[in-house]
Amino acid sequence: MSDDLRDLYQDLILDHSKHPRNFAKPGQVNHEALGHNPLCGDRLALYLYVDDGNIIRDIGFQGSGCAISVASASMMTEMLKGKPVQEAEHLFDYMHAACTGGETNDATIDEDARDRIEALAGVRHYPMRVKCATLPWHTLQAALKDEQKVSTE
Ligand code: ZN
């Protein structure tokens, strides 16, 4: 691993990349999308089951990619399970801002989510890695809109 990337690989990210959470296709799925980041080679399939009340009842992913993309997907699924779709979209905006140096002064984001997103947002100093970190979130957007594929290019 190169020196300039070392500080990106914090314990939280390493843990999630080695032991991804929700790394499976849920039994019931009604939204899914494939995400591809050709710059890095990250590929993931994201699966969601959203109930009639617009709550994300189940979420999982499969695929392969670099540590950042896998950790981001793992943390995202943990954050979103049981949450309303509206909140997921709000978190997407926050995540995107955090990774691109935008406004992150949002008191409505809970501390747990804030900590996780902050750990990933170190990528903002490494433009190549921003797409790795945000790929799962772009794939989430595609799945919720029932677009089947998303590419970061
Ligand atoms: Zn990557």
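Residues numbered from 1 in each chain as written. Predicted model: local features only at pLDDT ≥ 70, side-chain atom pairs only at ≥ 80, totals over all residues. Heavy atoms only, no water.

Colleague: Explain helix α5 (residues 111-120) to me, please; I cannot follow it from the model alone.
Modeller: Think of an α-helix as turning once every 3.6 residues; residues three or four places apart then point the same way. For α5, the set of buried residues is Ala113, Arg116, Ile117, Ala119 and Leu120. What you see down the axis of α5 is that its buried residues fit within an arc of 155°, all on one side. Where α5 is buried, its residues contact α2 (11-18), α3 (67-80) and α4 (85-100). N-cap assignment for α5: the residue whose side-chain oxygen lies 3.1 Å from the backbone N of Asp112 is Asp110. (Buried < 20%, exposed > 50% of the residue type's maximum accessible area, 1.4 Å probe, protein only. Helix = DSSP H or I, 4+ residues; strand = E, 2+ residues; numbered from the N terminus. Arc of directions from axis to C-beta. Contact = heavy atoms within 4.5 Å. Polar contact = N/O pair within 3.5 Å; in protein donor to acceptor, adjacent residues only side chain to side chain.)

Colleague: Please explain the sheet that holds strand β3 (residues 56-64) as it appears in this structure.
Modeller: Two modes of strand pairing occur in sheets, parallel and antiparallel, and in both the strands are linked by backbone hydrogen bonds. Reading across the sheet, the four strands line up as β3-β2-β1-β4 and stay open at both edges, with mixed pairing between neighbours. What marks the edges here is a single partner per strand, and that holds for β3 and β4 (149-151). Taking each pair of neighbouring strands and ignoring which way they run, the sheet shows an average axis angle of 20°. Of the strand pairs in this sheet, strand β1 (residues 31-37) and strand β2 (residues 42-50) are connected by seven bridges, and their pairing is antiparallel. Its bridge partner lying in β2, Gly35 is registered against Leu44. With respect to the sheet, α3 is in contact with β2 and β3, its orientation differing from that of β3 by roughly 170°. Set on the sheet, helix α6 (residues 127-144) makes contact with β1, β2 and β4; between it and β1 the angle comes to about 150°. (Pairing = 2+ DSSP bridges. Axes fitted to C-alpha atoms, helices over the stretch in contact; angles between N-to-C directions.)

Colleague: I'm lost on the packing of aromatic side chains in this one. Help?
Modeller: Both the distance between ring centres and the angle between the ring planes are used here to describe each pair of aromatic rings. Counting across every chain of the model gives one aromatic pair. Taking 5.1 Å as the distance between ring centres and 80° as the angle between the ring planes, the aromatic pair formed by Phe23 and Phe61 counts as edge-to-face. With Phe23 in the loop between α2 and β1 and Phe61 in strand β3, the pair connects residues that are 38 residues apart, well separated along the chain. On the basis of relative accessible area, Phe61 is assigned to the buried category, the value being 2%. (Phe/Tyr/Trp six-rings, centres within 6.5 Å; stacked < 30°, edge-to-face > 60°.)

Colleague: What's the story with the coordination of the zinc ion in this structure? I'm lost.
Modeller: Tetrahedral coordination by four donors puts the ideal angle at the metal at 109.5 degrees, and octahedral coordination by six puts it at 90 or 180 degrees. At the metal site, the zinc ion is ligated by Cys40 (SG), Asp42 (OD), Asp42 (OD), Cys66 (SG) and Cys132 (SG), and these contacts range over 2.2 to 2.6 Å. Sequence positions of the residues that donate to the zinc ion give the spacing C-x1-D-x23-C-x65-C. Of the two residues, Cys66 is situated in the loop between β3 and α3 and Cys132 in helix α6; the sequence distance between them amounts to 66 residues. Exposure remark for Cys132: the relative accessible area of 0% places this residue in the buried category. (Donors = N, O, S within 2.8 Å, 3.2 Å for Na, K, Ca; no water.)

Colleague: What is the right way to read α2 from this model?
Modeller: For α2, the full list of buried residues reads Ile13, His16 and Ser17. All buried residues of α2 fall inside an arc of 100° around its axis, so they share one side. Projecting away from the buried face of α2 at angles above 90 degrees are the exposed residues Asp11 and Lys18.

Colleague: Honestly, the packing of α4 against α6 in this entry has me stumped. Any pointers?
Modeller: Describing two packed helices takes the angle between their axes plus the distance from one axis to the other. Running from N to C, α4 and α6 point in directions that differ by 155°, and their axes come no closer than 10 Å. The pairing of α4 with α6 is recorded here as roughly antiparallel in orientation. When the axes of α4 and α6 are compared, the crossing they make is left-handed. Seen from α4, the contacting residues are Val85, Ala88, Glu89, Leu91, Phe92, Met95, His96, Cys99 and Thr100; seen from α6, they are Val130, Ala133, Thr134, Trp137, His138, Leu140, Gln141 and Leu144. (Parallel < 35°, antiparallel > 145°, perpendicular 65-115°, else oblique. Left-handed = near helix turned anticlockwise from the far one by under 90°.)

Colleague: I keep staring at the nonpolar core and nothing clicks. Help me out?
Modeller: In a soluble, globular protein the nonpolar side chains are often hidden away together inside. Grouped together as the largest cluster of nonpolar side chains are 43 residues, with contacts concentrated most on Leu46, Leu48, Ile56, Ile68, Leu80, Trp137 and Leu140. Elements that contribute at least two residues to this core include exactly β2, β3, α3, α4, α5 and α6. Broken down by element, this core gets its largest block of residues, nine residues, from α6. Among all residues touching Leu140, those that are not within four sequence positions of it are Leu46, Leu48, Met76, Leu80 and Ala88. (Core = buried A, V, L, I, M, F, W, Y, C linked by side-chain atoms within 4.5 Å.)

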